[in-house]
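Here are the chains, one letter per residue:
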Amino acid sequence: MNILVTGGAGYIGSHTCVALLEAGHSVIIADNLCNSKAENVKKIIKIAGQEITFYEIDVTDSQAIEALFKNYKIDGVIHFAGLKAVGESVEKPLSYYYNNIVSTMVLAKACEKYNVNKLVFSSSATVYGDNTVPFVETMNLLPTTNPYGETKAMSERILTDIAKANPAFSVSLLRYFNPVGAHESGLLGEAPNGVPNNLMPFVTQVAKGKLDKLRVFGNDYPTVDGTGVRDYIHVMDLAEGHVAALNNLTKGVHIYNLGTGQGTSVLELVHAFEEANDIEVPYEFIERRPGDIASCYADASKAERELGWTAKRDIVAMCRDAWRFEKKLKDLVETD
Ligand code: NAD
Ligand code: WQD
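Predicted, not measured: the structure shown is a model, and the values here were computed from it. Sequence positions are assigned chain by chain, starting from 1 and proceeding in written order. Here the convention is simple: chains get letters from A, ligands get numbers from 1, in the order in which they are written. Only residues with pLDDT of 70 or above have their local features reported here, since the model is predicted, and side-chain atom pairs are shown and tallied only from 80 upward, although totals for entire chains, interfaces and linings are computed over all residues. Only hydrogens and water are removed before side-chain values are computed, so all heavy atoms of the structure are retained for them.

Caption draft 1: Layout of the site of ligand 2. When we say a residue is near a molecule or strand, we mean one of its heavy atoms is within 4 Å of it. Near ligand 2, the surroundings consist of 19 residues, among which Tyr148, Leu199, Arg215, Arg230 and Asp292 are the closest. Polar contacts, as used here, are pairs of N or O atoms within 3.5 Å; protein pairs need one atom able to donate a hydrogen and one able to accept it. Residues neighboring in sequence count only if both atoms are side-chain atoms. At 2.9 Å from an oxygen atom of ligand 2 is found a side-chain nitrogen or oxygen belonging to Ser124. In this structure, an oxygen atom belonging to ligand 2 sits 2.8 Å away from a main-chain N or O atom of Phe217. In this description, accessible areas are obtained by the Shrake-Rupley approach with a 1.4 Å probe, and a residue is regarded as covered only by the protein chains that are shown. Relative to its unbound accessible surface of 680 Å², ligand 2 loses 86% to contact with the protein. Only DSSP runs of H or I covering at least 4 residues are called helices, and only runs of E covering at least 2 are called strands; the numbering of each starts at the N terminus. For the shell around ligand 2, the secondary structure elements donating two or more residues are helix 7 (199–208) and strand 8 (214–217).

Caption draft 2: A look at the sheet that holds strand 14 (residues 295–296). For two strands to be treated as a pair, DSSP must find no fewer than two bridges joining them. If you walk across this open sheet you meet the three strands as 12-9-14, and the pairing is mixed. The open sheet is flanked by strand 12 (264–265) and strand 14, the only strands paired with a single partner.

Caption draft 3: Quick peek at the side chain of His25. Structurally, the position occupied by His25 is in the loop between helix 1 (11–22) and strand 2 (26–30). Within the structure, the side chain of His25 is placed 3.1 Å from the backbone nitrogen of Met1, a separation counted as a polar contact.

Caption draft 4: Layout of the site of ligand 1. Lining the immediate surroundings of ligand 1 are 26 residues, of which Ile12, Asp31, Asn35, Ser36 and Tyr148 lie closest. Between ligand 1 and Val59, the relevant distance is 2.9 Å, taken from a nitrogen atom to a main-chain nitrogen or oxygen of the residue. A distance of 2.9 Å separates an oxygen atom of ligand 1 from a polar side-chain atom of Lys152. The protein chains hide 96% of the 810 Å² of surface that ligand 1 would expose on its own. Looking at the shell around ligand 1, the elements that each hand over two or more residues are helix 1, strand 5 (118–124) and helix 6 (147–165). Counting residues per element, the shell around ligand 1 draws most heavily on strand 5, at three residues.

Caption draft 5: Looking closely at the sheet that holds strand 3 (residues 53–55). Taking strand neighbours across the sheet as the criterion, the seven strands line up as 3-2-1-4-5-6-11 in an open arrangement whose pairing is parallel. Each having just a single partner strand, strand 3 and strand 11 (252–258) make up the two edges of the open sheet. Between one strand axis and the next, the sheet turns by 20° as a mean value, whatever way the strands run. As defined by bridge partners, strand 1 (residues 2–6) adjoins strand 2 across five bridges and the pair is classed as parallel. Bridged to Asn2 within strand 2 is Ser26. Strands in contact with helix 6 are strand 5, strand 6 (170–176) and strand 11; relative to strand 5, the strand with the most contacts, it is inclined by about 155°. Helix-sheet contacts for helix 8 (residues 235–247) involve strand 1, strand 4 (76–79), strand 5, strand 6 and strand 11, and the interaxial angle to strand 6 is about 160°. In this analysis an axis means a line fitted to C-alpha atoms, helices contributing only their contacting stretch, and an angle means the value between N-to-C directions, from 0 to 180 degrees. Contacts were defined at the residue level, with two residues in contact if any of their heavy atoms lie within 4.5 Å.

Okay, here's the thing in structure tokens:
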């Protein structure tokens, strides 16, 4: 299939492009590079050994998107493009609602106009709010604590209503848990701007000596060791989950958790990282981060049952690959 990948230059999108190409699909990327670099496109081509088409466009720009649909025979869309920093979404709610909701509507409208009936959407486990773990797709969604999470819940609702009204439309809503790690080549990975918000990039930067120590947000949660528990999933497993979702897409709306089903605490992740890479990660405990929940992990059985997909890479592979990428990033900076 010829797949339009919005946000394909970003962290999850770039890995998914590699998986799509390896599965025999063709890829057209639409990305405005607001949180990524064009060189990622070259790296995708290098890893997969195949050409792709790249357009630097904003997905909220309906004219630019319609021109793409007019000029290419698109068989399906994977919509990654979006702003994703939870804290920033509280400070800039309008940017988040505008970018994340309008992009979804522009794409859905172009799909309708050009009769493209397959869409896969990047949602998030954040839509479960503070439900009881493990999170199951049939649970009622609870309010999230931030505008970012609300944009995911709203986009899910918009796409669900469109699919209800148009029986030819097929939508897969993929709820990611905590994507970490990097492509095993060390070429693609997560390189956030500024001080990382997320745990794994913070840990790799501490290991590198770029940050002095990890601040563990709370050690009094009702969990195995008092620190927050999450379902970390290797980004290449997540990428392969998209291919499975696309290949198995049938009419209507389908919701899948993409996680491992396994909870790992902050301290367990830190110790796994230290062991996997034989490097120390100094840390201290500080107060809980507002908005955090104690535990978040998936019931991942539906994706296995219906898509034949399960996560294959363990926490050691996640830590090893994240560190390989971080080290390579350092090498690149040093040789610049
Ligand atoms: P990312 O920031 O690395 O990738 C997003 C890409 O979209 C970037 O390349 C950015 O330049 C592009 N983009 C943003 N707005 C755009 C627009 N209006 N037009 C064109 N391009 C635009 O983020 P990611 O981690 O790869 O996340 C991809 C998707 O998955 C996002 O929708 C995110 O909300 C969702 N998600 C991410 C996580 C996570 O922890 N990384 C978890 C759950 C869901
Ligand atoms: C993981 C654990 C922290 C940093 C976020 C979004 C979610 C989704 C994935 C997009 C928690 C602890 C972290 C640090 C720490 N994104 N931590 N010190 O919060 O589970 O999920 O990213 O959809 O919507 O909210 O991920 O990596 O920030 O935190 O102790 O410096 O690590 O408290 O327990 P989170 P995270």
